[in-house]
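Residues per chain are reported as follows:
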Amino acid sequence: MAYYSRQQKYIFIKRYKDSKMSASAFCRENGLNVNTFKYWIYSEDWKYSDELMSGFVELGETEIKTDLDKSVTIKKAGIEIKVPAEIAERNLVKILDAVAMI
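A word on helix H1 (residues 6-19)
Phase 1: In this model H1 runs 20 Å from its N-terminal to its C-terminal C-alpha over 14 residues, within 8% of the 20 Å that 1.5 Å per residue would give.
Phase 2: What H1 keeps buried is the set Gln7, Tyr10, Phe12, Ile13 and Tyr16.

Focus on the pairing of strand S3 (residues 79-84)
Phase 1: Pairing between strand S2 (residues 71-76) and S3: 6 bridges, direction antiparallel. Counted as the bridge partner of Lys76 is Ile79 from S3.
Phase 2: What sits between S2 and S3 in their antiparallel hairpin is a turn of 2 residues, with Ala77 showing a positive phi close to 50°.

Description of the packing of aromatic side chains
Phase 1: Taken as a whole and assessed by the stated rule, the structure comprises 7 aromatic pairs.
Phase 2: Of the aromatic side chains, those joined through ring pairs into one cluster are Tyr4, Phe12, Tyr16, Phe26, Phe37 and Trp40.

What to know about the side chain of Asn30
Phase 1: Among the structural elements, Asn30 can be located in helix H2 (residues 23-30).
Phase 2: A polar atom in the side chain of Asn30 sits 2.7 Å from the side chain of Arg15.
Phase 3: Those residues in contact with Asn30 that sit more than four places away from it in its chain are Phe12 and Arg15.

Here we look at unusual backbone geometry
Phase 1: In this model, Lys20 sits at a positive phi of 65°, which is unusual for a non-glycine residue.
Phase 2: Its relative accessible area of 74% is what places Lys20 among the exposed residues.

Some details on the packing of H1 against H2
Phase 1: Remark: H1 packs on H2, axes separated minimally by 10 Å, with the N-to-C direction vectors making an angle of 125°. Put simply, H1 runs oblique to H2. Read as a crossing pair, H1 and H2 show a hand that is right-handed. Every residue of H2 that contacts H1 at Phe12, Arg15, Tyr16 and Ser19 is listed here: Ala23, Phe26 and Asn30.
Phase 2: Here the residues of the contact of H1 with H2 sort into 4 nonpolar, 2 polar and 1 charged.

Calculation notes
- The written sequence of each chain sets the order in which its residues are numbered from 1.
- With pLDDT at 70 or above as the cut-off, local features in this predicted model cover only qualifying residues; side-chain atom pairs require 80 or more to be listed or tallied, and sums for whole chains, interfaces and linings still use all residues.
- To get the side-chain values, take all heavy atoms of the structure and skip hydrogens and water.
- Strands here are runs of E lasting at least two residues and helices are runs of H or I lasting at least four, both read from the DSSP assignment and numbered beginning at the N terminus.
- Expected span, for any helix, means 1.5 Å times one less than how many residues it has.
- Each residue is placed in one exposure class: buried if its accessible area under a 1.4 Å probe, protein chains only, is under 20% of its type's maximum, exposed if it is over 50%, and partly exposed if it falls in between.
- The pairing criterion for strands is at least two bridges between them, as found by DSSP.
- Stacked, edge-to-face and tilted are the three classes for Phe, Tyr and Trp ring pairs, Trp counted by its six-membered ring, which pair at centre distances within 6.5 Å; planes under 30 degrees apart are stacked, over 60 edge-to-face, the rest tilted.
- Two N or O atoms form a polar contact when they lie within 3.5 Å of each other; inside protein one atom must be a possible hydrogen donor and the other a possible acceptor, and for residues adjacent in sequence the pair counts only when both atoms belong to side chains.
- Two residues form a contact once any of their heavy atoms are found within 4.5 Å.
- Under this scheme, a helix contributes an axis fitted over its contacting stretch, all axes are lines through C-alpha atoms, and angles between N-to-C directions fall in the 0 to 180 degree range.
- In this scheme, roughly parallel covers angles under 35 degrees and roughly antiparallel covers those over 145, while 65 to 115 is roughly perpendicular and the rest are oblique.
- Should the near helix be turned anticlockwise from the far one by less than a right angle, the crossing is left-handed, and should it be turned clockwise, the crossing is right-handed.
- Residues are grouped as follows: nonpolar covers Ala, Val, Leu, Ile, Met, Phe, Trp, Tyr, Cys and Pro; charged covers Asp, Glu, Lys and Arg; every other residue, Gly included, is treated as polar.

Have a look at this one:
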C-alpha cells in the first residue's frame, strides 16, 4: 500500500476534477483504490485546499544518488541526508516532503 502526503492527495483530486473522468476510470488509470480516493474527496480536510497547497514546494535543485553501501544520499541547500536504500516508501515520502520545505 502506498503512502501519499496531503499535497499528493490534493494534486490527485485536482487532476481528477480537471479530467472530467469518472472516479473509477481515474483511479484505474492512476493505480489508486477507488474507495480510498472517494474518501479523500469527501473528507473535510479538502475544505481548505488552497491553504493546503500554500505549503507545497517543489524540490528544485536537489541531488539524489545511490551509494555502493546501498544507501541513498539526498543533498539540498548544504544539507545532506543519508538513508538506507531499503527504507520504507512512506518514510522516504515523509523525508522528501521535509526536504521540499528547505
